[in-house]
Amino acid sequence: MLGTDFRTGSPNWIDLGSPDTDVAAAFYGAVLGWTFVSAGPEAGGYGFWQVDGKTVAALGPLTEEGARSAWMVHFATPDARATAEAVRSGGGQVRMEPMDVMGEGWLAQFTDPQGAQFASWQPGRTPGLGLASVENTLVWVELHVPDPLAALAFYHGVFGWRHQEMSGPGMTYRVLSTAEGDQQQTSFGGVAEQGGVAEPGGEGDGGGGSARVPRWVPYFNVADVDATVAAVEGNGGAVTMPAVDVPGVGRIAWAADPAGAEFALLKPDPRM
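Residues numbered from 1 in each chain as written. Predicted model: local features only at pLDDT ≥ 70, side-chain atom pairs only at ≥ 80, totals over all residues. Heavy atoms only, no water.

**Let's talk about the pairing of strand S14 (residues 238-246)**
Then, in step 1: Pairing of S14 with strand S15 (residues 250-256), which is carried by six bridges, proceeds in the antiparallel orientation. The partner of Met-241 across the bridge, within S15, is Trp-254.
Then, in step 2: Adjacent in sequence and paired antiparallel, S14 and S15 are bridged by three residues, among which Gly-248 carries a positive phi angle near 80 degrees. (Pairing = 2+ DSSP bridges. Helix = DSSP H or I, 4+ residues; strand = E, 2+ residues; numbered from the N terminus.)

**Let's talk about the layout of surface pockets**
Then, in step 1: Approximately 1,200 Å³ is the volume found for the largest pocket.
Then, in step 2: Along the wall of the largest pocket there are 50 residues; nearest its centre are Asp-15, Gly-17, Tyr-46, Met-72 and Gln-109.
Then, in step 3: Of the residues assigned to the lining of the largest pocket, the class counts are 25 nonpolar, 16 polar and nine charged. (1 Å grid on protein atoms, 1.4 Å probe; cavity = no way out; pocket = protein on both sides within 12 Å on 5 of 7 lines; lining within 4 Å. Points joined across faces, edges and corners; volume = space filled by probe spheres on them. Nonpolar A, V, L, I, M, F, W, Y, C, P; charged D, E, K, R; others polar.)

**Considerations on the packing of helix H2 (residues 80-89) against helix H3 (residues 148-159)**
Then, in step 1: Between H2 and H3, the shortest axis-to-axis distance is 8 Å and the interhelical angle comes to 150 degrees. Judged by the inter-axis angle, H2 sits roughly antiparallel to H3. Both H2 and H3 take part in a crossing whose hand is right-handed. Taken together, the residues of H3 that come into contact with H2 (itself represented by Thr-83, Ala-86 and Val-87) are Phe-154, Gly-157, Val-158 and Phe-159.
Then, in step 2: Across the contact of H2 with H3, the residue classes break down as five nonpolar, two polar and no charged. (Axes fitted to C-alpha atoms, helices over the stretch in contact; angles between N-to-C directions. Parallel < 35°, antiparallel > 145°, perpendicular 65-115°, else oblique. Left-handed = near helix turned anticlockwise from the far one by under 90°. Contact = heavy atoms within 4.5 Å.)

**Describing the pairing of strand S6 (residues 93-100)**
Then, in step 1: Bridge analysis of S6 against strand S7 (residues 105-111) gives five bridges, and the strand direction is antiparallel. Residue pairing across strands places Gln-93 opposite Thr-111, the latter belonging to S7.
Then, in step 2: The turn joining S6 and S7, which pair antiparallel and follow one another in sequence, is formed by four residues; a positive phi near 50 degrees is taken by Met-102.

This is a description of form; function is not addressed.
This is the structure:
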């Protein structure tokens, strides 16, 4: 599971681009108990969600023309410029060149060759999230793409990730780990085939038509998936995959916030 001892390639930041940040702040506050703290007038509406005074995610307005509301997963890098070159070399797109964020770190944004968007964060004063894997925080990230093997090759070239295959009914799931450290202990996410049985909607277009969009999906650790699903529906969100028990993993559901940004909920199996 995720921690805050970030290595190269670890998810170390996550933020939401929303067309209405007030609505988003209220929704996630009601669903996950987060408190929103503005980064100040110079931050252009950007701010931080916190649990017990520690940052667990961030929120800002959409900045790209035609962008849809979505969660953006950031991965740790010691050199944002080198990461941008690796993305280009691997056939990806650099949507935003590395930039210094007021001394807090260097940010760059990318699109992988299959269309999934992601970012990198080179720590400055801010190393990354203050909490992970505990209740109501980020616990896992998952990539859904048409060609998982091509994705694995691309991200290995960018971050050096390792992977292990796990077989299930009608699918193969690839568990991702950082390049360094014990492979199991440094696992942080997975890759699933888009449209497969592990994805909301299966072969259909579950998730309101979003199942065919290559993307990274964040999973948040919750104490009670069913109660959280009820809170999603009660606060203007939608359930895109009802709660289900996955042996050896835990209880999982998928949801979308009022603007359509998709995320997942997980109560981990205590044996994990």
